[in-house]
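Letter by letter, the chains look like this.
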Amino acid sequence: MLLLERLRYWAEKTPDKVALYNGNLKEDIALTYGELELYSNRLAGIIKNQSPKGEAKRPIVVYGHKNPYMIVAFLACVKAGFAYCPVDISSPTERLLDIVKEAGSHLVLALEDLPDNVTLSSKILSLEEIKGLCQDGENQKEVIHIDGENTFYILFTSGSTGKPKGVEITYGCLNNFLLWMSSVVEKNGISHPDFINQAPFSFDLSVMDLYTNLYMGGTLNMLSKDVQMDFSSLYENLANSHSTVWVSTPSFADMCLSDRQFSQDLMKDLRLFLFCGEVLTRETAERLLERFPQASIVNTYGPTESTVAVTEVKITKELLAEDKPLPIGKAKEGTEIEIWSEQEECAKANEPGEIIILGNTVAKGYFHMKEETEKRFLALERGGRFLPAYRTGDRGFLDEKGILHFLGRGDNQIKLNGYRIEIGDIEENLLKLESISMAAVLPKVKDGKTKSLVAFVVLNGDIPADLSERKYIGQLKEALKDYIPEYMVPKKWHIMTEMPLNSNGKTDRNQLKELL
Ligand code: AMP
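Parameters at a glance
Residues numbered from 1 in each chain as written. Predicted model: local features only at pLDDT ≥ 70, side-chain atom pairs only at ≥ 80, totals over all residues. Heavy atoms only, no water. Pairing = 2+ DSSP bridges. Helix = DSSP H or I, 4+ residues; strand = E, 2+ residues; numbered from the N terminus. Buried < 20%, exposed > 50% of the residue type's maximum accessible area, 1.4 Å probe, protein only. Near = heavy atom within 4 Å. Polar contact = N/O pair within 3.5 Å; in protein donor to acceptor, adjacent residues only side chain to side chain. Areas by Shrake-Rupley, 256 points an atom, 1.4 Å probe, with all protein chains shown as cover. Lys, Arg positive; Asp, Glu negative; His and termini not counted. Salt bridge = Lys/Arg side-chain N within 4 Å of Asp/Glu carboxyl O. 1 Å grid on protein atoms, 1.4 Å probe; cavity = no way out; pocket = protein on both sides within 12 Å on 5 of 7 lines; lining within 4 Å. Points joined across faces, edges and corners; volume = space filled by probe spheres on them. Nonpolar A, V, L, I, M, F, W, Y, C, P; charged D, E, K, R; others polar.

Colleague: Even after reading the chapter, I still don't get the sheet that holds strand β13 (residues 296-301), so can you show me in this structure?
Modeller: What the 9 strands build is an open sheet, ordered β2-β1-β10-β9-β11-β12-β13-β14-β15; its pairing is mixed. Each edge of the open sheet is held by one strand with a lone partner, namely β2 (29-32) and β15 (330-331). In terms of strand pairing, strand β9 (residues 195-197) meets strand β11 (residues 245-248) through 3 bridges, oriented parallel. When the sheet's bridge partners are listed, I196 is paired in β11 with W246.

Colleague: Would you take a moment to explain unusual backbone geometry for this structure?
Modeller: When glycine is set aside, most residues are seen to have a negative phi, and most peptide bonds are trans. The backbone of V308 shows a phi angle near 70 degrees, a positive value even though the residue is not glycine. Phi is positive for E344, close to 65 degrees, though the residue is something other than glycine. By relative accessible area, E344 is classed as partly exposed at 45%.

Colleague: Looking at this structure, I do not really get the site of the ligand. What am I missing?
Modeller: In the neighbourhood of the ligand, 16 residues make up the surrounding shell, with T300, T304, D394, K415 and R420 lying closest. The backbone of T300 places a nitrogen or oxygen atom 2.8 Å from a nitrogen atom of the ligand. In this structure, D394 approaches the ligand through a side-chain N or O atom, which is 2.5 Å from an oxygen atom. Protein contacts shield 95% of the accessible area of the ligand, which totals 500 Å² for the unbound molecule. The set of elements that each furnish at least two residues to the shell around the ligand consists of β13 and β21 (404-409).

Colleague: Honestly, the side chain of K66 in this entry has me stumped. Any pointers?
Modeller: Mapped onto the elements, K66 comes out in the loop between β3 (60-64) and α3 (68-79). In this structure, K66 is buried with no salt-bridge partner, the nearest side chain bearing the opposite charge being D88 at 6.8 Å. A distance of 2.9 Å separates the side chain of K66 from the backbone oxygen of L223, its partner in a polar contact.

Colleague: Could you clarify how one ought to interpret empty space enclosed by the protein in this entry?
Modeller: The gaps of empty space that remain are located by a probe, the size of a water molecule, rolled over the atoms. Under the criterion given, the structure shown has 1 cavity of 30 Å³ or more. By volume, the largest cavity amounts to about 40 Å³. Lining the largest cavity we find F74, Y84, P86, Y153, L155, F201, S206, V207, L210 and Y211. Listed by contribution, the elements that provide at least two residues to the lining of the largest cavity are β4 (84-88), β7 (151-157) and α7 (205-215). When residues of the lining of the largest cavity are assigned to their parent elements, the largest contribution, 4 residues, is made by α7. Classifying every residue of the lining of the largest cavity gives 9 nonpolar, 1 polar and no charged.

Written as structure tokens, this is what we have:
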């Protein structure tokens, strides 16, 4: 059964079961499977009726945070035949505007108030209006059938030119991912899972918990940003939840582990940790298994461009006993992994090279970015068939057992606290600030993990006489937040009189490294 059929099935079989809740919203909002189906159908009918006829279907931007109605909005868009494009409230205004413009949305579903200074030419439906439409029985309409080739969602990720890139994931890719992910959960002894959701819905990690949960008929506990940042609310929430499956970045688990309360005593029902998105260290895995003796840990790997994850490995005591970085696992059914040498030939076992993903979860490409798409997305002939493939830019090797190992990036993309960031994206946006004439950003790395970002800038003029350097840098940081999300803003800044250049006239990053 495909996702939307499954949802219809749960709505009939367990209509009163809670599908989604956010126990920390002011109103403590929960939606059942029955409500999710009914409301998304009603809203889909409205979206379909109000859409411009005869025009190409442009994606619909859904703006908000951890409100269960956000998911009503997602499903309503696809049921009406439109892809949705989630934008989290942590996104700065400039980025929101870029995405709405890029998507060309005729409609924006705003589950949270849009920033004050935003004016859009698209029609906007607010949370109150959406709720009203969902309650109105008159809006029950037939919705259209969507097939595997239709784009289901578009997620925007950091782009090296300073503009985010939209990854187009089809309904087919999503179903292929869900079929596999639900089997991973079942294989670990859980047939009726209830998931924890940490990642904002604009990050593809959230697809792992949100849709696997809905596919398997569970209850999703959505942790909002405020709760995640306040340990006492977070632990109160976790203690009250009966969640069995945890999905987060390893960085978030590390943050939770810094408090002793985070243990099996707090979350008695928890049985499985699913990680993705960045290196899972042996230390994190060992500490978790110690604190949660009844839980298993599964490390998964993959980029947004191949629908969340494509490999998986259970972290056993035996693996932890080996004195090596943890592997990222075996490819799922329907996916093949190849390692390419610099000559773009398949490497032998244990030989390092670029990780190439081939198979049934590779995205259509980058939305309206033909050149970028052609650089990374390929169709490769294997065994007489053409398979969609994606050049990840990740380095790794396959061992003699076909298990994939990660060796870092071959370019300027980094992960900081689980967030994917192109260094070029920060540098381009620094140059948008009038007072900066040159900029370079370097990651500060410890034990193979990026711990923070450092900016090196040359100013257009002098620091105003009435401001200390510290205060001035504080102002620059604030100004930068208008263009890029807060997590991308470098922590430490060096104001330089000039930028060191190498013999090619490019910024000499090796010299800058010495200043880190
Ligand atoms: P995103 O598109 O945000 O999911 O980021 C994808 C990138 O995260 C990959 O290309 C890798 O560089 C990194 N990544 C994902 N999963 C893992 C993992 N399990 N271990 C190490 N790096 C990972």
